[in-house]
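# Chain and residue survey
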Amino acid sequence: MGKTISEKILSSHSKKDVYAGDIIVANIDLAIAQDGTGPLTVQKIRELNRAVKNPSKTIFFIDHASPSPRKELSDAHTILREFTIESGCKLYDIGCGISHQIIAEEYVNPGEIVIGADSHTCTAGALGAFATGMGSTDIAVGMVLGKTWFRVPETYKILVTGKLPVGTYPKDLILYIIGKLGANGATYKALEFSGETIERMEMAGRLTLTNMAVEAGAKTGLIATDKTTEEYLIRQGRGEKYVEIKPDKDANYKREIYIDASDLVPLVSVPHRVDNVKPASELSDIKLDQVYIGTCTNGRIEDFRIAAKILRGKKRNPETRLIIAPASKDVYEKALEEGLIKIFLNAGATILPPGCGPCVGVHGGILGNGEICLSTQNRNFKGRMGNPDAEIYLASPATAAYSALSGVISDPQEAML
Amino acid sequence: MILKGRAWKFGDNISTDLIAPGRYFHLRTNLPELAKHTLEDADPEFSKKVRKGDFIVAGENFGLGSSREHAPQIIKLSGVSAVLAKSFARIFYRNAVNIGLPVLEADTDKIDNGDKIEVDIEKGLIINNSKDIKIRSQPLPEFMIKLLENGGLIAYIQKYKDLEI
Ligand code: SF4
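Residues numbered from 1 in each chain as written. Chains lettered and ligands numbered in written order. Predicted model: local features only at pLDDT ≥ 70, side-chain atom pairs only at ≥ 80, totals over all residues. Heavy atoms only, no water.

Turning to the sheet that holds strand β4 (residues 90-92) of chain A, a few remarks are in order. Hydrogen bonds between backbone atoms are what pair the strands of a sheet, whose relative direction is either parallel or antiparallel. Residues and elements named next belong to chain A. The sheet built from five strands is open, its strands ordered β4-β3-β2-β5-β6 with parallel pairing. Strand pairing shows two members of the sheet lacking a second neighbour, β4 and β6 (130-133), which therefore form its edges. With direction set aside, neighbouring strand axes in the sheet form an average angle of 20°. Pairing of strand β5 (residues 113-117) with β6 involves four bridges; the strand directions are parallel. Paired with I113 across the bridge in β6 is F130. Along the sheet, helix α4 (residues 99-106) contacts β2 (30-34), β3 (58-61), β4 and β5; its crossing angle with β2, the most-contacted strand, is approximately 150°. (Pairing = 2+ DSSP bridges. Helix = DSSP H or I, 4+ residues; strand = E, 2+ residues; numbered from the N terminus. Axes fitted to C-alpha atoms, helices over the stretch in contact; angles between N-to-C directions. Contact = heavy atoms within 4.5 Å.)

Let's shift gears to the domain arrangement of chain A. Residue and element names in this part refer to chain A. With domains assigned, chain A is organised as domain 1 (5-261) and domain 2 (269-416). Every contact between the two is made by 37 residues of domain 1 and, on the other side, 37 residues of domain 2. With both chains or domains summed, domain 1 and domain 2 bury close to 2900 Å², and 60% of this area falls on carbon and sulfur atoms. Of all residues in domain 1, I98, Y169 and K171 give up the largest surface area on contact with domain 2, accounting jointly for 19% of the area buried on that side. Remark: the boundary between domain 1 and domain 2 carries one salt bridge. (Domains from an automatic or database assignment. Buried area = accessible area lost by both parts, 1.4 Å probe. Salt bridge = Lys/Arg side-chain N within 4 Å of Asp/Glu carboxyl O.)

To continue, consider the interface of chain A and chain B. With 50 residues of chain A at the interface, the matching set in chain B holds 43 residues. Applying the counting criterion to the chain A and chain B interface returns three salt bridges. One salt bridge in this structure joins D138 of chain A and R94 of chain B, with 2.7 Å as the shortest N-O distance. One can count 19 residue pairs in polar contact (both at pLDDT 80 or more) joining chain A with chain B. (Polar contact = N/O pair within 3.5 Å; in protein donor to acceptor, adjacent residues only side chain to side chain.)

Residue and element names in this part refer to chain A. Around the ligand, the neighbouring residues are H64, I98, H100, D118, H120, T295, C296, C356, C359, V360, N378 and R384. Looking at side-chain class alone, the shell around the ligand contains five nonpolar, five polar and two charged residues. Inspection of the shell around the ligand shows a minimum of three residues originating in each of domain 1 (5-261) and domain 2 (269-416). (Near = heavy atom within 4 Å. Nonpolar A, V, L, I, M, F, W, Y, C, P; charged D, E, K, R; others polar.)

Let us look at the pattern of salt bridges. All names here are of chain A. Summed over all chains, the structure comprises 32 salt bridges over all chains. A salt bridge links K8 to D248; the nearest nitrogen and oxygen atoms lie 3.0 Å apart. Taken together, the residues K8 in helix α1 (residues 5-14) and D248 in the loop between α9 (227-235) and β11 (255-260) connect sequence positions 240 residues apart. Given the relative accessible area of 27%, D248 is considered partly exposed. For R321, the salt bridge goes to E371, with nearest N and O atoms at 2.7 Å. Here R321 is found in strand β15 (residues 321-324), whereas its partner E371 is found in the loop between β16 (349-351) and β17 (372-375), with 50 residues between them in sequence. Classification of E371 by relative accessible area gives buried; the value is 17%. (Buried < 20%, exposed > 50% of the residue type's maximum accessible area, 1.4 Å probe, protein only.)

Encoded structure:
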């Protein structure tokens with residue numbers, strides 16, 4: 001019987017032929033945790049009183065509260081610094097950037113299994129890896145044993161054809177898919193993104209798609225490897241790690257969903273649900289106090305180039321704050337070299353260090369009571385940006401940048417014509 | 001394992017941001033303090049009034065959002081004996097079992113706020129004593145019952161030294 005990408009990777013790591021529904025133990029290639037979940041992970045490792053199995057593939061990231069805004073978090077960071085020194089595990093300290101971006105840049109290879117104490121670990125699926133988020137206890141056990149248990153997920157095949165219209169981007173596509181599936185439409189499932197639109201998409205866009213698979217409840221999002229994957233790995237200095245990972249032609253899919261990308265328009269998720277999706281053009285009465293461009297969803301150099309194209313030579317609306325954070329140090333350097341940071345500063349933006357920024361409401365742009373923010377992040381749950389009395393809308397970097405200029409939610413298509 | 005307590009009723013899509021708000025991120029290394037804010041953004045009274053043994057009863061997709069295990073941890077620390085919901089988000093479900101917090105999938109429509117509930121975990125049976133009705137829940141996978149019986153994943157690994165299925 002043919003296999004999906006998940007079934008193939010989980011079979012190779014459990015040395016058995018496994019299919020959807022099986023509960024299995026599989027070896028893992030990479031395990032990560034961040035400063036929100038890492039201290040509890042360390043505590044659990046200490047309770048197990050055993051050494052980490054593979055320290056060079058066990059990585060901690062200080063990205064959520066980076067640099068620390070308060071003493072309790074500074075102490076939490078100390079726990080990670082001390083543990084990584086004593087265990088030989090790796091640490092990416094303040095200034096490095098967001099875990100999901102860094103492991104895509106430096107670690108993840110096709111066919112691997114990645115587990116992370118962060119729900120957006122599924123981002124790495126864009127590289128043809130099986131990557132999924134878990135809690136601190138699971139990750140601690142995975143770090144110590146070098147393996148974990150999985151229920152092999154059923155797969156939804158998302159087949160996308162057609163060209164994305166001007167002004168629409170992979171972010172609009174994934175918002176559309178989540179709107180269609182619903183916030184729990186793919187619970188326990190894997191999403192396999194395929195079709196000519198995906199084949200034409202560069203790695204940055206693919207990472208945006210897989211990043212948000214979890215917003216439909218999915219265990220992970222996956223994309224078959226191809227020339228684009230290989231070129232990305234070569235650019236990142238590990239071309240030799242490329243392998244072909246594709247589903248079998250007769251693989252068994254639980255559901256197949258067909259999407260014509262040429263029908264898309266710029267979309268926005270409306271508070272307080274990611275699956276509450278509306279066209280940007282219908283939301284022009286929403287006045288914005290803050291616009292945030294960044295995060296593991298849309299803080300890559302490709303995203304910044306789009307935003308810069310719209311912001312170049314213009315000024316943000318004086319009543320709309322504009323905050324921009326690169327997803328990694330590498331993104332930051334490129335944005336500096338290409339003059340994008342200058343464009344942002346001239347437009348009135350505030351640039352934050354690489355990291356999560358205000359995405360999860362810890363620092364760097366917490367919303368005031370009654371305030372409204374348009375963000376390129378992946379979640380708009382009530383309270384997400386630090387204030388349950390605020391509202392978060394989600395959109396692409398183009399929609400965010402264009403809306404920062406007008407001060408209200410604006411369809412960027414008119415700017416692109 | 002028979003559990004008894006009152007029901008605290010919540011709706012669909014109770015996110016980890018509602019359970020363990022991001023603005024208390026700095027309390028994540030101090031779970032007893034963080035537990036004082038459990039579910040604060042869904043019901044500000046909950047953490048003050050919940051009593052040991054009570055149940056959280058919810059609709060679809062309970063625990064969606066982040067992987068923060070602190071969410072089931074503080075629910076457990078608040079004294080809640082189990083969470084009953086129509087469905088759970090994947091990571092929350094797994095986290096809850098790992099830390100020894102029972103989670104049962106069942107039709108919760110016939111349970112109202114304040115109802116007196118009795119739950120038999122092994123049998124997957126929920127008895128609503130206030131309404132004198134029985135509700136069957138989806139049985140937990142065998143491996144997960146084993147984890148719960150052993151007091152969670154850490155205790156399981158300490159006992160068996162390894163993970164095999
Ligand atoms: S940017 Fe936001 S969603 Fe991404 S890892 Fe950081 S807090 Fe999580």
